[in-house]
Number of protein chains: 2
Amino acid sequence: MQRKTIQRQIILDTLKNFSTHPTVDELYLEIQKIHPAISKTTIYRNLRQLAQGGEIGQVALTNDVERYDKRTEHHYHFQCKECKALFDVDVASIQGINEKVEEKHGFQVDEHNILFKGICLRCKKNQ
Amino acid sequence: MQRKTIQRQIILDTLKNFSTHPTVDELYLEIQKIHPAISKTTIYRNLRQLAQGGEIGQVALTNDVERYDKRTEHHYHFQCKECKALFDVDVASIQGINEKVEEKHGFQVDEHNILFKGICLRCKKNQ
DNA sequence: ATTTATGCAAATCATTTGCACATAG
DNA sequence: CTATGTGCAAATGATTTGCATAAAT
């Protein structure tokens, strides 16, 4: 049974206040302001637990540190190749593609994730 | 200027002989049979260089070790949540979705990757 | 001759683990 | 009470780096 600890509550609240997709370190820095004694290990453990329980999201990324997401509904992401910033993509999920892969290969397809890559507006401007 | 070394040639050949998407370690084990003195560092360096030069592919995965791919054309992948095995997905690339994201967000969208997840045939059978 | 590549050992860095202690239920 | 969570330090494990030597052009 999962317990309600001060630490877990702070971690959750802090993530909810981010508009971005923070890394563990970014969360750690914020959380320390409220709870200076917290251990990074605790943050790692709680984030994983919360993500597994579906209370928060975890961003599907390549070759990068973990990033968490307050949004839990399915959505895609865009990452800037220049500054590595991550953005939510507000385009409807592709319908029927999991089924298409199932038919083609016979796998049981539960989900899919899309990561778009390119150059963000800010970096485009600075070029 | 890139040079032609025995090591790079063996690394490339070994990857071409894989039907899967090997990790650096898997490649290392195979390569050692031909060139026992090779260093894993050399393998890391060459794979990265080859991938950057577009001679080989690198699989876009979440929270996993690097995996390389002899195929260089754009294609999607499926990963089994049970055994972690990776498969190529032979479904046509989605057309026009990069443009849709560009229109919606203004980013310059160069590429997208899809990773499907579920249970592979073998694991399905063993359940 | 000069530049690039190799191999080794050591460094990095994110994440995980073991363990003693604290705390929620 | 007793199961779960926390904090610390140490361990892990993949990848990278510094550097002297070797090989390619």
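Residues numbered from 1 in each chain as written. Chains lettered and ligands numbered in written order. Predicted model: local features only at pLDDT ≥ 70, side-chain atom pairs only at ≥ 80, totals over all residues. Heavy atoms only, no water.

## Structural notes on the relation of the copies chain A and chain B
Rotating chain A by 180 degrees and moving it 0.0 Å along the rotation axis overlays it on chain B with an RMSD of 0.1 Å. These values place the two chain copies in the arrangement generated by a two-fold rotation axis. For chain A, the minimum C-alpha distance to the rotation axis belongs to I114 of chain A and amounts to 2.3 Å. A shared binding surface is used by both copies, with 100% of the interface residues of chain A retained as interface residues in chain B. (Least-squares fit on C-alpha atoms with pLDDT ≥ 70 in both. Contact = heavy atoms within 4.5 Å.)

## Brief notes about the domain arrangement of chain A
Residue and element names in this part refer to chain A. By domain assignment, chain A separates into domain 1 (6-69) and domain 2 (76-126). Taken over C-alpha atoms, the centre of domain 1 sits 22 Å from the centre of domain 2. Run the count over domain 1 and domain 2 and you get zero salt bridges. Joining domain 1 to domain 2, the criterion identifies four residue pairs in polar contact (both at pLDDT 80 or more). Residues that form the side of domain 1 that touches domain 2 fall into these classes: three nonpolar, two polar and three charged. (Domains from an automatic or database assignment. Salt bridge = Lys/Arg side-chain N within 4 Å of Asp/Glu carboxyl O. Polar contact = N/O pair within 3.5 Å; in protein donor to acceptor, adjacent residues only side chain to side chain. Nonpolar A, V, L, I, M, F, W, Y, C, P; charged D, E, K, R; others polar.)

## Side note on the protein's contact with DNA strand D
Around DNA strand D, 23 residues are found, and the nearest of them are R3, T5, T42 and R45 of chain A together with Y44 of chain B. The sugar-phosphate portion of DNA strand D accounts for 62% of its atoms within 4 Å of the protein, the bases making up the rest. In the environment of DNA strand D, a phosphate oxygen lies 3.0 Å from a nitrogen or oxygen atom belonging to the backbone of K4 of chain B. Within the side chain of Y44 of chain B, a nitrogen or oxygen atom sits 2.5 Å from a phosphate oxygen of DNA strand D. Breaking the surface near DNA strand D down by element, the ones donating at least two residues are α1 (6-16) and α3 (40-52) of chain A together with α3 (40-52) of chain B. Residue composition of the surface near DNA strand D, by class: five nonpolar, ten polar and eight charged. (Near = heavy atom within 4 Å. Helix = DSSP H or I, 4+ residues; strand = E, 2+ residues; numbered from the N terminus.)

## Topic: the sheet that holds strand β4 (residues 86-89) of chain B
Here we have six strands laid out as an open sheet, ordered β4(A)-β3(A)-β5(A)-β5(B)-β3(B)-β4(B), and mixed in their pairing. Each end of this open sheet is capped by a strand with a single partner; those strands are β4 (86-89) of chain A together with β4 of chain B. Looking at each pair of strands side by side, their axes are set apart by 30 degrees on average, direction ignored. The pairing of strand β3 (residues 76-80) of chain A with strand β5 (residues 108-119) of chain A spans four bridges and is parallel. Paired with Q79 of chain A across the strands is K117 of chain A, a residue of β5 of chain A. Contacting β4 and β5 of chain A together with β5 (108-119) of chain B, helix α4 (residues 97-105) of chain B crosses the sheet at an angle of about 120 degrees to β5 of chain B. (Pairing = 2+ DSSP bridges. Axes fitted to C-alpha atoms, helices over the stretch in contact; angles between N-to-C directions.)

## Topic: the protein's contact with DNA strand C
Around DNA strand C lies a shell of 23 residues, among which Y44 and E66 of chain A together with R3, T42 and R45 of chain B are the nearest. Sugar plus phosphate, as a fraction of atoms of DNA strand C within 4 Å of the protein: 63%. Between DNA strand C and R8 of chain B, the relevant distance is 3.4 Å, taken from a phosphate oxygen to a side-chain nitrogen or oxygen of the residue. A distance of 2.7 Å separates a base nitrogen of DNA strand C from a polar side-chain atom of R45 of chain B. Those elements that place two or more of their residues in the surface near DNA strand C are α3 of chain A together with α1 (6-17) and α3 of chain B.

## Comments concerning α1 of chain A
When we look at burial in α1 of chain A, the residues that qualify are R8, I10, I11, L12, T14 and L15 of chain A. Where the residues of α1 of chain A are buried, they touch α2 (24-34), α3 and β2 (68-69) of chain A. (Buried < 20%, exposed > 50% of the residue type's maximum accessible area, 1.4 Å probe, protein only.)

## Some details on the pattern of salt bridges
In this structure the tally under the stated criterion is 16 salt bridges over all chains. One salt bridge connects K40 of chain B with D25 of chain B, and the closest N-O pair in it is separated by 2.8 Å. Of this pair, K40 of chain B sits in helix α3 while D25 of chain B sits in helix α2 (residues 24-34), and the two are 15 residues apart along the sequence. By relative accessible area, which is 30% here, K40 of chain B ends up partly exposed. For the salt bridge of D90 of chain B with R71 of chain B, the shortest nitrogen-to-oxygen distance reads 3.9 Å. Taken together, the residues D90 of chain B in the loop between β4 and α4 and R71 of chain B in the loop between β2 (68-69) and β3 (76-80) connect sequence positions 19 residues apart. Residue classification places R71 of chain B among the partly exposed positions, given a relative accessible area of 25%. Overlapping salt bridges, with partners in common, bring together R71, E73, D88 and D90 of chain A in one network.

## Focus on the packing of α1 of chain A against α2 of chain A
A pair of packed helices is characterised by two quantities: the angle between their axes and the separation of those axes. All names here are of chain A. α2 packs onto α1 with a crossing angle of 120 degrees between their chain directions and a minimal axis gap of 10 Å. One element, α1, and the other, α2, form an angle in the oblique class. Relative to α2, the crossing made by α1 is right-handed. Where α1 approaches α2, its residues I10, I11, T14 and L15 are matched on the opposing element by L27, E30, I31 and I34. Of the residues contributing to the contact of α1 with α2, the split by class is six nonpolar, one polar and one charged. (Parallel < 35°, antiparallel > 145°, perpendicular 65-115°, else oblique. Left-handed = near helix turned anticlockwise from the far one by under 90°.)

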